[in-house]
Amino acid sequence: MGDSESPEDVQLEARLEEQEAFEPPESFVEQANVSDEAIYDEFAENWPDCWERAADLLDWEEEYDAVLDDSNEPFYEWFTDGKLNASANCLDRHVADGRGDEAAIEWVGELGETRTYTYAELLDEVEEFAAALRDLGVEEDDVVTMYMPMIPELPVAMLACARIGAPHSVVFAGFSADALATRMNSADSEYLVTCDGYYRRGDALDHKDKADEGLSGVDHGVDTVVVDRLGDDLDHDLGDGQHDYDDLVAEHEGASVDPVTRDAEDMLFLMYTSGTTGEPKGVKHTTGGYLSYVSWTSQAVLDIEADDTYWCSADIGWITGHSYIVYGPLALGTTSVMYEGTPDYPEKDRLWEIIEEYGVDIFYTAPTAIRAFMKWGKEYPAEHDLSSLRLLGTVGEPINPRAWKWYYKHIGNEECPIVDTWWQTETGGMMVTTLPGVNTMKPGSAGPPLPGVDAKVIHPNKAEVDPGQAGHLTVQKPWPGMLRTLYKNDERFVSEYWAEYSDADEDEWIYFPEDGAKIDDDGYITVLGRVDDVLNVSGHRLGTMEIESAIVGVEGVAEAAVVGGDHEMKGEAVYAYVITEDGYEEGDDLRDRIVEGVEDAIGPIARPEQVVFTPELPKTRSGKIMRRLLEDIANDDDLGDTSTLRNPDVVDDIQAKVGDD
Ligand code: WT7
């Protein structure tokens, strides 16, 4: 970290390096939303009724009859027969409480322009857009797809959908046209909200082109709304069935749209995520359970209070943004900061500048970002007054203790607790993390399961592992934020998440998130990473099968195997081993076409770090590709015994090629 370290710095680093446990500062504990460790026992003794505490954070139009209905496991239902509306909970009730003039969203554009939406303003625009969507024909339960970058119209559109009971399906703007089409087809979605483009590093990027290309792959008619983000910087035309967002909102100026009454179990949104097969999974989240759960975890773990300024730097196109930029923070009536751009534009201090300017109290980001901050150097945060910060958080992948300590010292000034939160698209909200006002922190270990969450690390025989041993992370009781099913695919829901460890005859239902983990003497869980064929690249989940099918779709490719290799910044990087078809030449031309093929099918995030041409893939005698071996080769690890392979000779060959590149 730079070569200008003072002797004090060096001493401090040395002390930090050795320290393995950190207590939350007294000043934090005194004001924390949760500071009594008795909460763990209270939840355990009072389960599942403990979850009323989450439901109590919301306004219900009609009380629920039961906290949990487990009569049809694993299709659990929460807060059954309760009625509520998510947009009313995120907007109307705060305005009714006289908080209409307080900021709901502080938006910072990449070029430095800013917009503030007060709760009253956000409610107005949500109602206007909700009226417009209805006019376009959107009815309750119609799925509306959003394909938008980080602009305020994205949360507006989400909340407008929630208001009229139309589930949204947000597709990350960095995904390709093909990925958009696949998701719209899978969800039978006849409505799309997108934009003309956005800025990246100061350049205007066309997004509508990609959206249009995606639409050409949709097998049914679609009405599209286009936000004009770029104005004169990029002209765009509207085709048939395409409408301008500003025009629609203007036409419905002052409209009032009553929030529709939704059942607790009605779908709030779908979120597609990568799985082991090539087909993305449409994770279904509901109105009552999900909203209760993200509100509760926002309050208990992120310590959010209504008068805070809170910033989660994720993209709303992922679950983190849904839960902890939009729904959780707005349900609690706080100010949520939303940043359009990249952390190093125009300078590497962009995020610290925003924290200083807005007096951000709580900051939530990903380890991959922290690794980048470390590389850029501590001088960037040091230029700014970050003393408004009270709490820091991370999510998305394991954080190594060095990065944790850097974050603790150089961003938190050793005064902010850090919550390392383990969860997934499927869990809706956080599951394993310390409570910042209660627990000791251990860098590198997420912490104990949250109160009421029954996470256990087990062996294949379901016995719990001993401290220090690795096993599979499982969740052995349901929780309100859990996915309810995979869209129109109950069977896959059961086989993906419940089949591994459940025993239906014994009425034993165990959720398997497909992560490996270990546990220590204090019950702290260290998540080791995915145990399925899913990669975690810069905190983004990518299925190896999806990438492989994109690669074999490229002319000249006969076979491909994709694995993850360790990467200093990204955590994992995509390594593609490729066998060419007879008559095609290995080389840069084919390599370029492969990279392009992956970008077209999925998006630039899935771009292979290395494409290694090989005459054969290492296979077992039964013909299975030895992925572990390919991973070890990518990581330059010891390969151990390769004699069980059908073709052991190929290993040296591949190793030499990876080394060359
Ligand atoms: C996978 C879920 C949760 C929102 C962002 C990613 C990994 C997530 C942690 C953490 C270690 C983590 C897991 C998980 N993961 N958080 N704190 N420590 N690993 O959501 O795309 O659904 O990915 O991310 O492997 O299964 P996702």
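Our structure is the block above this text.
Residues numbered from 1 in each chain as written. Predicted model: local features only at pLDDT ≥ 70, side-chain atom pairs only at ≥ 80, totals over all residues. Heavy atoms only, no water.

Draft legend 1. Structural context of the overall build of the protein chain. Scanning the protein chain from terminus to terminus reveals 21 helices and 29 strands. At 25 Å, the protein chain has a C-alpha radius of gyration in line with the 26 Å of a compact globule built from 661 residues. Seen along its three principal axes, the alpha-carbon backbone of the protein chain occupies a region of about 75 × 65 × 60 Å. Counting only residues that meet the buried cut, the protein chain has 60% of its 661 residues in that class. By sequence separation, contacts in the protein chain at least 24 residues apart represent 71% of the contacts at least 6 residues apart. (Helix = DSSP H or I, 4+ residues; strand = E, 2+ residues; numbered from the N terminus. Rg over C-alpha atoms; globule rule 2.2 N^0.38 Å. Buried < 20%, exposed > 50% of the residue type's maximum accessible area, 1.4 Å probe, protein only. Contact = heavy atoms within 4.5 Å.)

Draft legend 2. Structural detail: the site of the ligand. Near the ligand there are 17 residues, and of these D420, T421, T425, D515 and R541 occur at the shortest range. Between the ligand and the protein, one listed contact pairs a nitrogen atom with a backbone N or O atom of E397 at 3.3 Å. In isolation the ligand has 550 Å² of accessible area, and contact with the protein removes 96% of it. When residues of the shell around the ligand are traced back to their parent elements, those giving at least two are α12 (319-331), β20 (418-421) and β24 (525-530). Tallied by class, residues from the shell around the ligand come to six nonpolar, six polar and five charged. (Near = heavy atom within 4 Å. Polar contact = N/O pair within 3.5 Å; in protein donor to acceptor, adjacent residues only side chain to side chain. Areas by Shrake-Rupley, 256 points an atom, 1.4 Å probe, with all protein chains shown as cover. Nonpolar A, V, L, I, M, F, W, Y, C, P; charged D, E, K, R; others polar.)

Draft legend 3. Just the nonpolar core, in detail. With 123 residues, the main nonpolar core has W51, L122, F129, M146 and Y327 as its most contacted residues. When sequence neighbours within four positions are dropped, the list of residues in contact with W51 reads F43, V67, W78, F79, Y293, W296, P451, G452, V453 and P480. Listed in part, the 34 residues of the second largest apolar core include A211, W318, V537 and V578. (Core = buried A, V, L, I, M, F, W, Y, C linked by side-chain atoms within 4.5 Å.)

Draft legend 4. How the structure looks around the sheet that holds strand β18 (residues 362-365). Taken in spatial order, the seven strands of this open sheet run β5-β4-β17-β16-β18-β19-β20, and their pairing is mixed. The outermost strands of the open sheet, each flanked by one partner alone, are β5 (114-118) and β20. Strand-to-strand twist in this sheet, taken as the mean axis angle between neighbours without regard to direction, amounts to 20°. When strand β16 (residues 309-312) meets β18, the two strands line up parallel, connected through three bridges. Paired with C312 across the two strands is Y364, which belongs to β18. (Pairing = 2+ DSSP bridges. Axes fitted to C-alpha atoms, helices over the stretch in contact; angles between N-to-C directions.)

Draft legend 5. Main features of the packing of aromatic side chains. Taken as a whole, this structure holds 34 aromatic pairs when the rule is applied. Each ring, one from W404 and one from Y408, has its centre 5.1 Å from the other, and the planes form 25°; the classification is stacked. With W404 and Y408 both in helix α16 (residues 401-411) and four residues apart, the pair spans about one turn of that helix. Comparing W404 with Y408 shows no difference in burial state: the two are buried. Grouped by ring-pair contacts, the aromatic residues F75, Y76, W479, F493, Y497, W498, W509 and Y511 constitute a single cluster. Seen from the ring of W47, K477 lies directly overhead, with NZ or CZ sitting 5.3 Å from the centre. (Phe/Tyr/Trp six-rings, centres within 6.5 Å; stacked < 30°, edge-to-face > 60°. Lys NZ or Arg CZ within 6 Å of the ring centre and 35° of its normal.)

Draft legend 6. Here's a closer look at the sheet that holds strand β6 (residues 144-147). Pairing is mixed across the open sheet formed by seven strands, whose spatial order is β12-β11-β8-β6-β7-β14-β15. What marks the edges here is a single partner per strand, and that holds for β12 (242-244) and β15 (281-286). Between one strand axis and the next, the sheet turns by 25° as a mean value, whatever way the strands run. Strand direction decides the pairing type here: strand β7 (residues 168-170) and strand β14 (residues 267-273), joined by two bridges, are parallel. When the sheet's bridge partners are listed, H168 is paired in β14 with F269. Set on the sheet, helix α7 (residues 153-164) makes contact with β6, β7, β8 (191-195), β11 (223-227) and β14; between it and β6 the angle comes to about 170°. Contacts from helix α11 (residues 288-300) reach β14 and β15, with the element oriented near 80° to β15.

Draft legend 7. Expanded view of the side chain of E127. Residue position: E127 is located in helix α6 (residues 119-136). Setting aside residues up to four positions removed in sequence, E127 forms contacts with R163, A255, S256 and V257.

Draft legend 8. Local environment of α11. The end-to-end C-alpha distance of α11, which contains 13 residues, comes to 18 Å, matching closely the 18 Å that a straight helix rising 1.5 Å per residue would cover. What α11 keeps buried is the set G288, G289, Y290, L291, S292, Y293, V294, S295, W296, T297, S298 and A300. (Expected span 1.5 Å × (residues − 1).)

Draft legend 9. How the structure looks around unusual backbone geometry. That bond from E73 to P74 is cis: its omega, 0°, falls within 30 degrees of zero. Positionally, P74 belongs in the loop between β1 (66-69) and β2 (77-80). In this structure, P346 follows Y345 across a cis peptide bond, with omega equal to 0°. With respect to the helices and strands, the residue P346 is situated in the loop between β17 (335-339) and α13 (350-358). The residue D303 is not glycine, and still its phi comes out positive at about 60°. Along the polypeptide, D303 turns up in the loop between α11 and β16. We classify D303 as buried; its relative accessible area is 1%.

Draft legend 10. Inspection of the packing of helix α5 (residues 86-99) against α12 at higher detail. Where α5 contacts α12, the axes come no closer than 8 Å and their chain directions differ by 50°. Judged by the angle between their axes, α5 and α12 are oblique. Crossing angle aside, the handedness with which α5 passes α12 is left-handed. Every residue of α12 that contacts α5 at A86, N89, C90, R93 and H94 is listed here: Y327, L330 and A331. Of the residues assigned to the contact of α5 with α12, the class counts are five nonpolar, two polar and one charged. (Parallel < 35°, antiparallel > 145°, perpendicular 65-115°, else oblique. Left-handed = near helix turned anticlockwise from the far one by under 90°.)

Draft legend 11. Quick look at the state of the cysteines. Taken as a whole and assessed by the stated rule, the structure comprises zero disulfides. This cysteine, C90, is not joined by any disulfide, and C161 carries the nearest cysteine sulfur, 13 Å off. Its relative accessible area of 0% is what places C90 among the buried residues. (Disulfide = S-S within 2.5 Å.)

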